[in-house]
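Listed below are the residues making up each chain.
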Amino acid sequence: MRIDIITVLPELLESPLNHSIMKRAKTKGLLEVNLIQLRDFTTDKHNTVDDYQYGGGAGMVMMCEPIAKCIEQLKSERHYDEIIYMTPDGETLTQKNLNGFSLLKNIIILCGHYKGIDERIRQLYITKEISIGDYVLSGGELAAAILVDGIGRLLPGVLNDETSALTDSFQDNLLSPPVYTRPPVFNGLAVPEILLSGHELKIQEWRYEQAIERTKTRRPDLLKD
Ligand code: ADE
């Protein structure tokens, strides 16, 4: 899978995308992430990407021209399955979205700044608008890092059996059951006996019950679907 990220702050994305599982996905050739500096698509000597908003009001708006030029160039090189804009007024990201995105071949992610991007870019180019939650960040980069991490770990071959995504919270709309490792007793608290029994079927049943219980108490909204 190829992900092209358009940003004015590529430095913000370099570290999160070059460690741990993201690094493994790239080294294995399963994920290619390109950071594209939006300022490279400006024509003035100050490399301006934003301007005052029509109608007045606080906050600058990211201009059409550099974004359009950048997207047009990328689109002339290959087909993109989605052009995603990270924005607090987008659709809230869920595991279901991530599962869908992980099946795509080429995507563009556009990171906004300031008051956001000119509405006409949204109308002309953007195919999906994604928010990572009901709060406002100073730019779309950290949100994009979350999106790419969530997608990358789902690509076949990235995770090994030990870290398999199939048992994650939210796959099946359930939270994960509690987990334990050694020692068997810590500060007077023992690991549930069933987990030490070696009885695989019973362990699976226990985990499922615990997942239901945890979801009921913490996120009853998930059980409605
Ligand atoms: N940019 C600023 N805030 C954001 C959010 N909550 N989700 C996605 N992109 C954003």
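Residue numbers here run from 1 along each chain, matching the order of that chain's written sequence. In keeping with the predicted nature of the model, local features appear solely for residues at pLDDT of at least 70, side-chain atom pairs appear and are counted solely at 80 or more, and the whole-chain, interface and lining totals rest on all residues. Here the side-chain values reflect all heavy atoms present in the structure, with hydrogen atoms and water set aside.

J.: Looking at this structure, I do not really get the site of the ligand. What am I missing?
T.: Neighbouring residues are identified by heavy atoms, a residue being near a molecule or strand if any of them is within 4 Å of it. The ligand sits among 13 residues. The nearest are Thr87, Ile132, Gly133, Tyr135 and Leu137. Thr87 places a main-chain nitrogen or oxygen 3.2 Å from a nitrogen atom of the ligand. Considering the ligand on its own, with 260 Å² of exposed area, one finds that the protein chains cover 96% of that surface. For the shell around the ligand, the secondary-structure elements that each account for two or more residues are strand E5 (82-92) and strand E7 (128-131). A run of H or I in DSSP becomes a helix once it reaches four residues, and a run of E becomes a strand once it reaches two; helices and strands are each numbered from the N terminus. The element best represented in the shell around the ligand is E5, accounting for three residues. Side-chain classes follow a simple rule in which Ala, Val, Leu, Ile, Met, Phe, Trp, Tyr, Cys and Pro form the nonpolar group, Asp, Glu, Lys and Arg form the charged group, and the remainder, Gly included, forms the polar group. Here the residues of the shell around the ligand are counted per class, giving eight nonpolar, five polar and no charged. Identification of polar contacts relies on pairs of N or O atoms within 3.5 Å, with a donor-acceptor requirement for protein atoms, meaning one able to donate a hydrogen and the other able to accept it, and with residues adjacent in sequence counted only if both atoms are side-chain atoms. In these tables, accessible area is a Shrake-Rupley quantity obtained with a 1.4 Å probe, and a residue counts as shielded only by the protein chains included in the view.

J.: Honestly, the domain arrangement of the chain in this entry has me stumped. Any pointers?
T.: Often, the extent of an interface is quoted as the loss of accessible area on bringing the components together. The domain limits used here are those given by an automatic or database domain assignment. In terms of domains, the chain is made up of domain 1 (2-152) and domain 2 (167-224). Centre-to-centre, using C-alpha coordinates, domain 1 lies 37 Å away from domain 2.

J.: Even after reading the chapter, I still don't get the sheet that holds E7, so can you show me in this structure?
T.: Strands pair in a sheet through their backbones, by hydrogen bonds, and they do so in one of two ways: parallel or antiparallel. As summarised here, the arrangement of the five strands in space is E2-E1-E6-E5-E7, forming an open sheet in which the pairing is parallel. Where the open sheet ends on each side, the last strands, each with one partner, are strand E2 (32-37) and E7. For this sheet the average axis-to-axis angle between neighbouring strands, irrespective of direction, equals 30°. Against the sheet, helix H3 (residues 64-77) engages strand E1 (2-7), E2, E5 and strand E6 (106-111), with an angle of about 165° to E1. Note: two strands are recorded as paired if DSSP finds a minimum of 2 bridges between them. Note on geometry: axes are lines fitted to C-alpha atoms, helical ones only across the stretch in contact, with angles between N-to-C directions running from 0 to 180 degrees. Whether two residues touch is decided by their heavy atoms; if any such pair falls within 4.5 Å, the residues are in contact.

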